[in-house]
Amino acid sequence: VLRRSKVVLDGLISVAKSGRKEALARMETNLKSYHALLDSVFVLLQASKSKGLLSRTLNRKAMLSDVEKYNRLLDDYNMEFLTDFLLQSGITGPPPQLPPTSLIVADPPVLPKKPELMMGRDEEKSKIVDTLLHKSPARIAILGAGGIGKTTLALSVLHDPEIADCYPSRYFVSCETTLDVVSVIGGIADALRIPQENRDEHLLETILSSFPNDALLCLDNLETIWNDKTMCAEVERLLLDLEIPKLGLMVTMQGTQRPSKVAWSRPFLSPLQGLDVVTGISIFEQMCSRPPDEYEKRLLDATGGIPTTILLVCDMLEEGNEISKSLWSWWEEAQSRVVEIDEHDGHPTLGGEEMVQHARQLRGKPQNLVGQAYNLEKLGTALQLRIQEQNLHGEAWNCRNLGDTWVRQKKLEKAEEMFQRSLQLYVQIQNLSGEVDNCSRLGDIWLEQKKLEKAEEMFKRVLQLCIKTQNLRVEAWNCQKLGNVWLQQTKLEQAEEMFQRALELCIQTDNVAHQGWNCERLGEIWLQRNKLEEAEEMFQRALQLRIQIRDLSGEANICARLGGIWLQEKKLEKAEEMFQRSVQLYMQTRYRPGEAYAWSCEKLGEIWLQQNKLGKAEEMFQRALQLRMQK
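Residues numbered from 1 in each chain as written. Predicted model: local features only at pLDDT ≥ 70, side-chain atom pairs only at ≥ 80, totals over all residues. Heavy atoms only, no water.

J.: Could you clarify how one ought to interpret the sheet that holds strand S2 (residues 169-174) in this entry?
T.: Pairing between the strands of a sheet is mediated by backbone hydrogen bonds and can be parallel or antiparallel. Spatially, four strands are ordered S1-S4-S3-S2 in an open sheet, and the strand pairing comes out parallel. Of all strands in the sheet, those bounded by a partner on one side alone are strand S1 (139-144) and S2. Here the strands of the sheet are splayed against their neighbours by 15° on average, with no regard to which way each runs. Relative to strand S3 (residues 215-220), S2 runs parallel, the two sharing six bridges. Among the inter-strand pairings, Arg170 is bridged to a residue of S3, identified as Leu216. Most of the contacts of helix H7 (residues 122-134) go to S1, to which it runs at about 165°, and overall it touches S1, S3 and strand S4 (247-254). (Pairing = 2+ DSSP bridges. Helix = DSSP H or I, 4+ residues; strand = E, 2+ residues; numbered from the N terminus. Axes fitted to C-alpha atoms, helices over the stretch in contact; angles between N-to-C directions. Contact = heavy atoms within 4.5 Å.)

Set out below in structure tokens:
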């Protein structure tokens, strides 16, 4: 941050010394964007500093992903500032005292931090390193259950000195939050720092040609999209496309089966198994700075060797008081309920509801048990209950998944029936999270079917449940949905109130993307109510948020909205500038929304027609016509 901020400061000094001080006024939007970016970095650092060991362990992937994202955004801002603003302002040379170019645009790939703690995986690591050093090009799949340590092992390999010497360029792409193969390709492009202007329909070819020699790519949590059977063929095609001589590939996936069409290096790495008891004790000693007592050893043994579960238990027992004995006594008494078998991968987890009940019992006891109760309840509520009497939870879970499948196949009536059944089961076992989830899905179906009254009723029910679950993100998302229902019913005041509430919740949860979405909806409402100044202000706010997250399509849509407002106000120069920007952004997006793109072209053509720029107007109308015909 300091290094890149110095570039901006030196640029300001250069503009002032150049005699082109009018350029400072044009810099206002540029600096506001940078201010918003630094605010986001500050919030991220504050949040990271405030997290405890347990939270850092469970959320490390998301935190590292955020760090990588903001590092790339800072680099992108620097390049836009240097190439776009300074050159356009007539500052032909670089600013004085500019850091070396390598500090700005040629930084090495950003890897997540090397794991601080990895035990019991020396044999697996040795096999992976040996394959990467002696098989070219190497193709490795790290398989295993959730929480077994796949990502930790992969990061340890990426930071190994021998691997660093053999593969000077190493890239880590988290697929944990990706929705499809296109998102994965975008993540790889981000890791390679491919500029937005080069991201077109040939992006994959650009990526393959951009990898340097002796590069290593790690795709982490690829099961996120692999588990969707409709995407398996696309995932395999992507992996086959990545089979180029200069690139080593390492993939982590939950489960025991690797994509079959890929030429994985042999011998295959066996799926990771749970750690042995001795290793679990070593982890405890390192985390708690003392050896475990008799009851703590029994608890560690009962975790099944799952590293994430071991870390959770260690965090609970770190204080070293008598909770170990009381916890083990309760565990032994209700073992079939405390240790549950995960229905997906067959490994044990801790029973959430039982943890909460035991925590509440501890609250009523004397001695130093309040902190113990808090930690126990926090752990219990963080883990979902998987098995109930007659396996009702598993049945409800499968009904919901089957409903999701039918939604993707556009069989909405069947999906509705399945979500209704899943909802009844979750109500029966008093699982609020499942109830919220299915109510929201039913509301989505009815909204798509234009059954607005039923959708309204269901989203209101979700918001009532959110008061009990205190899930602000889910509450924000369903406020948006209810606002959308009221917007379609032309209940503008109620919709405005709901989008305002959603915006406040998104600010609380630091959800920048949804902040922008709600600002855009509020701008649309004020536009319908002919409050042009308020609409312009809200669209400007939405635009800055879209710029912050590099959402080109969203940025293009908002530019078109602002252009429409200024056209209505007869501010032709401002409208022309905004429509031009909108058209340029649509051209950069991978998937171009034809209707909105065509509308921007038409409006820009109309402006140029009024200005008697007939050739340029003709070009725009021709492009709009082509887009309409494609539709």
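J.: I tried to follow the nonpolar core on my own but got confused; where do I start?
T.: Where a protein is soluble and globular, its nonpolar side chains tend to be buried together. Judged by nonpolar contacts, the single largest core of 78 residues is most densely connected at Val485, Ile525, Leu562, Phe579 and Cys601. The leading source of residues in this core is helix H29 (residues 552-568), at nine residues. In this structure Val485 touches Leu447, Leu452, Ala455, Glu456 and Phe459, once residues within four positions along its chain are discounted. Ranked by size, the runner-up nonpolar core spans 37 residues in total, among them Leu222, Met231, Ile244 and Leu249. (Core = buried A, V, L, I, M, F, W, Y, C linked by side-chain atoms within 4.5 Å. Buried < 20%, exposed > 50% of the residue type's maximum accessible area, 1.4 Å probe, protein only.)

J.: Explain the pairing of S4 to me, please; I cannot follow it from the model alone.
T.: If a strand is regular, its side chains alternate between the two faces of the sheet. Summarising burial for S4: seven of the eight residues are buried, a large majority. Across six bridges, the pairing between S1 and S4 is parallel. Opposite Ile142, over in S4, you have Thr252 as the bridge partner. Two strands pair when backbone bridges link them, and S3 and S4 are joined in this way by five bridges, in the parallel orientation.

J.: Can you help me understand unusual backbone geometry in this one?
T.: Cis rather than trans, the peptide bond between Ser136 and Pro137 has omega equal to -5°. Position of Pro137 among the secondary structure elements: in the loop between H7 and S1. The amide bond that connects Arg266 to the next residue, Pro267, takes the cis arrangement and shows omega of 0°. Position of Pro267 relative to the elements: it lies in the loop between S4 and helix H14 (277-288). Positive phi outside glycine occurs at Arg193, with the angle close to 60°. Here Arg193 shows up in the loop between helix H10 (181-191) and helix H11 (203-210). When its relative accessible area of 23% is taken as the criterion, Arg193 is described as partly exposed.

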